[in-house]
Amino acid sequence: METLDAIQALSSFFDDNTISSRRNLRSTFEKRSLQINKEFLASFNEVNKIIDDLYQTAERLNQNCINAKSKFAEVKSKNQSLLSVSNELQKKVDLTNCKQTLLNRFMEKFQLTAEEQSLLNSKSDEIQVNDYFFRLFDKIRKIHNDAKVILFESNYQTTGIEIMDNMSNNLEILYDKLYKWTVKTIRTYNSESSRSLERNPDGQTSSQHIFRALALLEERPVLFRLCLDEYSTIRRSIVSQQFIEQLTKGNLTREIYQSINYVSEILSWVYETGQVERNHLKNLFKECSGQLRSMVDDEASANGELVNGAHRDGNLLGGEEENKLKDYLPFIMESLDEPIKVRLEQTLHKETSCLNAFNLRNLLKYYSQQLAAGLLNKRAKLSQTISELYLVSHKIFINSLNCYCTFELAKNSNYDFEEISPTLNSTPIISKTNQLLKELIASQQSSYLTTAERQEIIVCILNIVFEPYLNAVNTTVLKLAYLEKHIFVINCLNEMYDVLGRTEFAGSFREQLKACLMENCNQIVYEYCSSSLSLCDLSTLYNTILSNQAAPKPLAQQAGCYLLALQSCNKKVEHFINSYDNYFLAKIMLVKKSETRSRIKRNCLQQFCQIYELIYQNVHSASSGYDDPNKVLSIDPQSIREKLNLE
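What this report covers is the structure whose coordinates are included nearby. Bear in mind the structure is a predicted one, so any value in this text is a computation, not a measurement.

About the cut-offs
Residues numbered from 1 in each chain as written. Predicted model: local features only at pLDDT ≥ 70, side-chain atom pairs only at ≥ 80, totals over all residues. Heavy atoms only, no water. Helix = DSSP H or I, 4+ residues; strand = E, 2+ residues; numbered from the N terminus. Buried < 20%, exposed > 50% of the residue type's maximum accessible area, 1.4 Å probe, protein only. Contact = heavy atoms within 4.5 Å. Areas by Shrake-Rupley, 256 points an atom, 1.4 Å probe, with all protein chains shown as cover. Core = buried A, V, L, I, M, F, W, Y, C linked by side-chain atoms within 4.5 Å. Salt bridge = Lys/Arg side-chain N within 4 Å of Asp/Glu carboxyl O. Patch = residues over 30% accessible without salt bridge, like charges linked within 9 Å, V, L, I, M, F, W, Y side chains within 5 Å. Phe/Tyr/Trp six-rings, centres within 6.5 Å; stacked < 30°, edge-to-face > 60°.

**Considering the overall build of the protein chain**
Scanning the protein chain from N- to C-terminus turns up 24 helices and two strands. Counting across all 647 residues of the protein chain, residues that qualify as buried make up 40%. Pairs at least 24 apart in sequence give 73% of the contacts found in the protein chain among residues at least 6 apart. Carbon and sulfur atoms provide 51% of the accessible area of the protein chain, an area that totals close to 36,800 Å².

Here you go:
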């Protein structure tokens with residue numbers, strides 16, 4: 001590689017390759033080297049000259065620096081005090097700037113802006129409660145709370161106290177403005193604003209801001225109570241006006257309704273109105289915290305103090321939302337007390353129907369429970385009025401039922417008898433009584449009564465009706481024949497028994513009816529057995545057997561029991577057995593209830609068979625004195641039972 005470089009360098013000045021050139025090659029090299037050395041020397045002289053100039057310049061600069069340094073040292077020694085003062089001033093400037101920054105931040109955090117201050121100083125009539133107002137409210141409360149940190153956790157107690165005092169004054173100003181605005185807005189708050197609010201929950205309406213305003217005023221119990229008193233007073237007058245409009249427009253006119261419908265319409269309207277007012281109150285309280293118990297002092301809690309007529313029962317403003325609703329709702333609904341009381345009392349006293357009076361009683365009972373336990377409370381005046389009207393309606397019903405039993409059922413005691421049909425069915429007044437009793441029992445079963453209340457009213461009704469009913473039945477049959485009398489009584493008792501058949505708490509009355517039925521059925525059985533024995537010419541024989549038990553004597557020797565007198569008994573007994581259905585058909589079929597009718601018929605036949613068996617045994621005994629007993633009675637008792645289907 002080095003050889004190639006050398007040849008390449010040689011080719012730059014060795015042009016011709018001749019003998020002469022090769023001979024002079026050495027001298028050529030020497031000339032070439034000399035030429036290069038001369039060029040190098042010339043170039044180096046230029047460099048050396050530049051370096052000498054640079055050295056001289058550096059020497060001058062160094063001398064100048066030395067001179068400047070000496071001058072600086074001299075000046076520094078002369079101005080040392082001035083530099084110290086300048087440094088101190090700069091430090092103070094920096095510290096002042098830092099304090100200014102901190103002060104600006106402090107003022108931003110603990111002071112109000114000019115715009116906010118102007119809102120505080122504005123007139124209450126000109127105030128607009130909006131989101132900006134509530135932000136200012138929150139800011140002042142935050143400043144007040146932050147000032148407590150300054151007061152308790154720093155050495156700036158005076159500043160903290162001044163800020164807290166200033167913010168407290170500002171808060172009171174805002175509370176006063178908020179109270180006046182709330183009262184003004186409450187006067188225009190109605191159901192339409194509530195519905196629009198439910199449709200547009202994000203809308204910036206005054207009705208929506210009032211909820212947050214009440215939540216803030218909750219921290220000032222006096223102002224909060226005044227706002228709710230104002231709202232209650234306004235709604236009270238509105239409810240009263242609405243009731244008058246309902247009356248005047250004809251929706252609740254007594255003339256177009258029966259008493260039960262009239263009372264039902266009034267009470268249902270009252271309950272629905274109470275629900276509407278309850279929902280309005282729920283809207284008002286929906287952003288409140290519920291910590292309102294402090295508003296009620298100990299005396300009010302103990303005595304149920306009235307605030308503008310509204311009861312305060314200790315729990316009414318504390319705890320859950322339901323207790324808040326029960327605070328002012330009774331006062332709002334109290335305006336309906338007097339007009340409703342007057343109208344319902346007039347309606348109750350004009351009612352003459354027992355059933356309608358009983359339905360009115362149940363209706364008032366239901367609404368008194370709903371108002372006292374659900375919508376209002378027991379101490380609410382309207383609840384007490386409805387409860388009093390319920391007691392009045394109960395007395396009216398009892399008096400009406402007593403009057404009915406006295407003047408309707410008991411009129412037969414004066415022998416003012418009703419005409420009894422040939423079918424021996426119950427008379428119209430007795431049927432009417434059973435129908436009334438059935439409807440009364442059905443009404444109480446559909447009413448909202450407890451078990452104890454149902455038992456009480458059923459027993460009360462039956463105690464009033466039962467004895468007069470039995471007396472009326474027994475008095476009505478005085479002019480009837482013996483058998484018809486008992487059949488008529490059975491039909492009447494069966495009719496009442498069917499009414500009481502599935503009635504709760506009527507067991508003792510059913511037992512009494514059952515005993516009376518059995519007694520009358522036994523009388524019919526006895527009458528039919530006597531008739532059957534007479535039909536078969538066995539009455540004398542049976543009576544003789546009964547009377548001969550004390551002093552036994554042969555039957556054949558007893559008067560009326562001679563063989564000649566009893567020869568036709570076999571034919572008559574056989575005829576009775578073959579045609580007993582026709583014998584019973586005439587009268588027994590007048591018993592309306594098939595079960596009772598079948599039982600009477602069966603008991604009659606069983607009783608006849610028992611008597612016939614007794615007679616047969618005595619006739620066929622060895623002591624009877626008959627030579628051939630079969631000539632008297634030849635039909636076996638067992639065969640009679642088989643023919644009568646009694647086995």
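Read on for the rest.
**Overview of the nonpolar core**
Residues Leu178 and Leu500 are the most contacted members of the largest nonpolar core, which totals 126 residues. Contact partners of Leu178, with chain neighbours within four places excluded, come to Val129, Phe133, Phe134, Phe137, Ala213, Leu216 and Leu217. Among the nonpolar cores identified, the runner-up in size contains 30 residues, and Leu566, Tyr626, Val632 and Leu646 belong to it.

**A few points about the pattern of salt bridges**
Counted according to the given criterion, the structure contains 11 salt bridges. The salt bridge involving Asp138 is made with Arg212; its shortest N-O contact spans 2.7 Å. Here the residue Asp138 occupies a position in helix H5 (residues 131–153), and Arg212 occupies one in helix H8 (residues 206–217), the gap between them amounting to 74 residues. Ionic pairing is found between Lys593 and Asp498, a salt bridge with its closest N-O pair at 3.2 Å. Linking Lys593 in the loop between helix H22 (580–588) and helix H23 (594–619) with Asp498 in helix H18 (residues 482–500), this pair joins segments that are 95 residues apart in sequence. Its relative accessible area of 23% is what places Lys593 among the partly exposed residues. Overlapping salt bridges, with partners in common, bring together Asp138, Arg141, Arg212 and Glu219 in one network.

**What to know about a nonpolar patch on the surface**
Taken together, Phe40, Phe44, Val47 and Ile51 make up a surface patch of nonpolar side chains, about 410 Å² in accessible area. Its relative accessible area of 40% is what places Val47 among the partly exposed residues.

**Section: the packing of aromatic side chains**
In the structure shown here, the tally under the stated rule is 12 aromatic pairs. Here a set of aromatic residues connected by ring pairs shows up, and it is made of Phe133, Phe134, Phe137 and Tyr175.

**With respect to the environment of Met589**
Counting through the fold element by element, Met589 comes out in the loop between H22 and H23. Along the primary structure Met589 and Ile487 are separated by 102 residues, whereas in three dimensions their C-alpha atoms are 9.6 Å apart.

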